[in-house]
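Here's the letter readout for the chains.
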Amino acid sequence: MEVAPRGMPLNAAAVTKPLSVLLIDDNPTRAEIVEAGLAAAGYRLIARLEGTQDLIGRVRELAPDVVVVSIDSPSRDTIEDMRRTTDLMPRPIALFVDQSDPATIAAAMEAGVSAYVVKGLAQDRVRPVVDVAVAHFNRYRAMREELDRARLSLVERKAIDRAKGLLMQQKGITEEAAYRLMRKLAMNQNKRIGEVAQDIIMYAKALK
């Protein structure tokens with residue numbers, strides 16, 4: 001299994017290499033359990049860290065597909081480290097903890113943790129939890145990108161309407177003629193009509 005670039009959902013036909021994992025655990029005995037589970041699942045462990053300090057830098061350097069964290073209980077600093085990493089270098093994060101509470105779970109999920117397991121660490125549970133983390137991450141990213149596209153479409157529609165109004169006013173043409181002119185410009189310049197609309201708006205501002 002492999003995480004697609006930039007968190008895009010995977011195309012099953014494009015999966016060609018094992019999942020690479022960055023493990024964070026300061027307990028050697030517990031880490032051995034996770035490592036055994038990763039190996040049994042066919043995942044590739046690329047490094048084990050003892051804490052989340054400079055997690056962003058290590059994720060940037062190592063480029064893991066997934067981050068697996070197994071700790072006693074996540075501290076505020078640990079959650080904040082995961083939040084910053086999610087903001088700048090988003091990856092699926094699977095979190096195994098020995099003890100927790102509802103507030104900590106909520107904070108971790110808000111920080112970008114994709115799968116959170118309390119008192120459930122066992123070798124045979126590593127793969128399903130990591131798989132869940134990857135699935136949740138991909139689904140969330142797909143939803144975010146769909147929402148971003150919808151917002152972009154709304155912005156472009158508003159820009160097109162405004163540009164049409166400017167053309168109608170400046171050239172004394174109908175709305176339909178203004179739209180045809182914008183569409184022609186877009187074809188000639190190999191641009192989206194929304195980009196042409198933005199150009200018209202910026203040009204009109206420059207002439208004021």
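Look above for the structure.
Report on the accompanying structure.

Here is what the cut-offs are and how they apply
- Residues numbered from 1 in each chain as written.
- Predicted model: local features only at pLDDT ≥ 70, side-chain atom pairs only at ≥ 80, totals over all residues.
- Heavy atoms only, no water.
- Helix = DSSP H or I, 4+ residues; strand = E, 2+ residues; numbered from the N terminus.
- Expected span 1.5 Å × (residues − 1).
- Buried < 20%, exposed > 50% of the residue type's maximum accessible area, 1.4 Å probe, protein only.
- Arc of directions from axis to C-beta.
- Contact = heavy atoms within 4.5 Å.
- Polar contact = N/O pair within 3.5 Å; in protein donor to acceptor, adjacent residues only side chain to side chain.
- Axes fitted to C-alpha atoms, helices over the stretch in contact; angles between N-to-C directions.
- Parallel < 35°, antiparallel > 145°, perpendicular 65-115°, else oblique.
- Nonpolar A, V, L, I, M, F, W, Y, C, P; charged D, E, K, R; others polar.

### Quick look at helix α1 (residues 28–40)
End to end, α1 covers 18 Å across 13 residues, agreeing with the expected 18 Å (1.5 Å per residue, within 8%). Arg30, Ala31, Val34, Gly37 and Leu38 are the residues of α1 that are buried. Seen end-on, α1 carries its buried residues on one side only, within an arc spanning 125°. What points out from α1, more than 90 degrees from its buried face, is the exposed set Thr29, Glu32, Ala39 and Ala40. Contacts made by the buried residues of α1 are with β1 (20–24), β2 (44–49), β3 (66–71) and α5 (123–171). The N-cap of α1, judged by a side-chain oxygen 3.0 Å from the amide nitrogen of Thr29 a few residues on, is Asn27. One or two residues past the end of α1 sits Gly42, with phi positive at roughly 85°.

### With respect to the packing of helix α2 (residues 55–62) against helix α3 (residues 76–88)
Axis separation between α2 and α3 bottoms out at 8 Å; the angle between their running directions is 40°. Considering the angle they form, α2 stands oblique to α3. Between α2, through Leu55, Ile56 and Val59, and α3, the contact on the second element is made entirely by Asp81, Met82, Arg84, Thr85 and Leu88. Its residues placed into classes, the contact of α2 with α3 shows five nonpolar, one polar and two charged.

The values reported here are purely geometric and, on their own, carry no functional implication.
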